[in-house]
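What follows is each chain in one-letter form.
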Amino acid sequence: MFTTVTIRQYERGLDYRKGRFAGVLEPGQYRLWVFEGRAILKVDVRETALQVTGQEVLTADNVPVRLNLLVRYRVVDPAAAIHEVASFSDALHQATQLAARDAVVSMELEQFLAQRMTLGEGLTKTVADAAARFGVDVSLVAVKDAVLDADLRAAYQAKLTADQRGQAALIEARHKVATARAEANAAKVYTENPAVMA
């Protein structure tokens, strides 16, 4: 008995015969001989977004940071995506979690906050390398946001304020020292050359 199978432009079909993989069907319409044990599994190859939310990671100075990440990917090898791992989306999720943990655990909080926007570039490369093993191409891993605990956020804000006040006090002290030196030099010139005063 024959049947018609349509593989859309954004799909690839995996042809199985009696449980064995027989090949990939490209987009198009196929008239196939159907027999017991033949199956066609369709795999979507469009770009897809994966949200990795609530990933809590400790920085090198033991500060917990909750990360929300966005991963953009697409299946480039449907056979590997289905055969190499039980679920390529779960495997991608886990690879992203591990990469985020490894990247953040090596940084102190201040370094993490300073590099938060560029962190995605390193994560993209790491996750892309891991995902290539199971036929997935990762085009982007982005840090959507990083959330600190409310108490830690308040403490960090207080520290930043204190640092800014300290910097302002230091600059003011430098100006006072410069002014005192200028006055001392002027006094020295006046005492050595009384004619200048006239």
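In every chain, residue numbers begin from 1 and rise along the written sequence. Predicted model: local features are reported for residues with pLDDT of at least 70 only, side-chain atom pairs are reported and counted for 80 or more only, and whole-chain, interface and lining totals are derived from all residues. Heavy atoms throughout the structure, all of them, feed into the side-chain values; hydrogens and water do not.

### So, the environment of tyrosine 30
Turning to its location among the elements, tyrosine 30 is positioned in strand E4 (residues 28–33). For the pair formed by tyrosine 30 and alanine 162, sequence separation is 132 residues and the distance between their alpha carbons is 71 Å. Whether two residues are in contact is decided by their heavy atoms: any pair within 4.5 Å suffices. Beyond its immediate chain neighbours, meaning those up to four positions away, tyrosine 30 contacts Thr3, Thr4, Val5, Ile7 and Leu25. A polar side-chain atom of tyrosine 30 sits 2.7 Å from the main-chain carbonyl oxygen of glutamate 26. Secondary structure counts use DSSP, requiring at least four H or I residues in a row for a helix and at least two E residues in a row for a strand, with both numbered from the N terminus. Under the rule applied, a polar contact is a pair of N or O atoms within 3.5 Å (in protein, one hydrogen donor and one hydrogen acceptor; residues adjacent in sequence only if both atoms are side-chain atoms).

### Focus on the sheet that holds strand E7 (residues 64–75)
Any two strands between which DSSP finds at least two bridges are classified as paired. Pairing is antiparallel in the open sheet, where three strands are placed in the order E6-E7-E8. Looking at strand neighbours, the two that pair on one side only are strand E6 (48–58) and strand E8 (136–148), the edges of this open sheet. If you compare each strand with its neighbour and ignore which way they point, the axes differ by 20° on average. The sheet contact formed by E7 and E8 spans 11 bridges and is antiparallel. Each residue of the ladder has a partner; that of asparagine 68, found in E8, is aspartate 145. As a rule, the C-alpha atoms of each element are fitted with a line to give its axis, helices using only the stretch in contact, and angles between N-to-C directions run from 0 to 180 degrees. Of the strands in this sheet, E6, E7 and E8 touch helix H2 (residues 88–105), which is tilted by about 40° from E6. Taken strand by strand, helix H4 (residues 119–132) contacts E7 and E8, and its axis lies near 140° from that of E8.

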